[in-house]
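Structural overview for review
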Amino acid sequence: MKQPHIQLDESLNVRYAILPGDPKRAERIASHMSEVEDLGMNREYRSLVGAYRGARILAMSTGMGGVSTGIAVEELHNIGVTHAIRIGSAGAYQSDIPIGQLLIACGAVKDDGASNTYAPTAFPAVPSTELMNGCIRAARTQGFSCRVGVVRSHDSFYTDGEMGICRKWSRYGVIGADLETAALFTVGAVRGMKTASILN
């Protein structure tokens, strides 16, 4: 059945998805694949599918925020996707993180609405250990600098007290912030999917 927002269905026959926020990043992912098929765009969901090292991969943007990410994860689950890796941008919360270092999330502070709609605040937003460890190994094998730690997912860049909020979470050792990781981890866990998040 064609999903109402991502406009994809089970006939795509894909288990693995890479999920950037920005639609243009989906095109950049596709540039690393062969046999690429452009599946079009609906709302913020830009979709391309192709082959990479023998695996069929979907590159699909999620737009900004936990709500659109949660919808994407739900509908991807409905069409048979079992593994999803977010790749996106983050604001660094530690002063020793240089621009360009990869942040691999071992958990996310659920400071957003979407993840807390799916599960109580006390429910941890964590990735699949297997998938996270695979991302860490791949980054280190290829010589990319990466830091593993907890990130904070939230809903706004421009609240009046934003800098104070950032400083508070920095003191707790949180390494960075985005808008989507907690929703990905939480909805993925509820639906039995393996998830991971790599931020830059």
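Everything numeric here is computed off the predicted structure, so don't read it as measured data. (Residues numbered from 1 in each chain as written. Predicted model: local features only at pLDDT ≥ 70, side-chain atom pairs only at ≥ 80, totals over all residues. Heavy atoms only, no water.)

A separate point is the nonpolar core. Counting 29 residues, the largest nonpolar core has Leu-58, Met-60 and Leu-76 as its most contacted members. Among the elements that take part in this core, helix 6 (residues 181-190) stands out by supplying four residues, more than any other. With near-sequence residues (within four places) excluded, Leu-58 lies in contact with Leu-8, Leu-12, Val-14, Tyr-16, Ala-17, Ile-18, Leu-39, Ser-47, Leu-48, Val-49 and Leu-76. Core analysis: the next-biggest nonpolar cluster, separate from the first, contains 11 residues, Ile-85, Ile-136, Ala-196 and Ile-198 among them. (Core = buried A, V, L, I, M, F, W, Y, C linked by side-chain atoms within 4.5 Å. Buried < 20%, exposed > 50% of the residue type's maximum accessible area, 1.4 Å probe, protein only. Helix = DSSP H or I, 4+ residues; strand = E, 2+ residues; numbered from the N terminus. Contact = heavy atoms within 4.5 Å.)

With that out of the way, let us pick up helix 2 (residues 66-78). For helix 2, which comprises 13 residues, the first-to-last C-alpha distance of 18 Å matches the rise-based estimate of 18 Å (1.5 Å per residue) to within 8%. Buried within helix 2 we find Gly-66, Ser-68, Thr-69, Gly-70, Ala-72, Val-73, Glu-74, Glu-75 and Leu-76. Looking at the buried residues of helix 2, the elements they touch are strand 1 (16-19), strand 3 (45-52), strand 4 (55-60), helix 3 (113-118) and helix 6. A positive backbone phi angle near 105° is found at Gly-80, which sits one or two residues after helix 2. (Expected span 1.5 Å × (residues − 1).)

Turning next to the environment of Ala-119. Take Ala-119: it is sitting in the loop between helix 3 and helix 4 (129-141). Separated by 13 residues in the primary sequence, Ala-119 and Met-132 have C-alpha atoms spaced 21 Å apart. The residues contacting Ala-119, other than those within four sequence positions of it, are Lys-110 and Thr-186.

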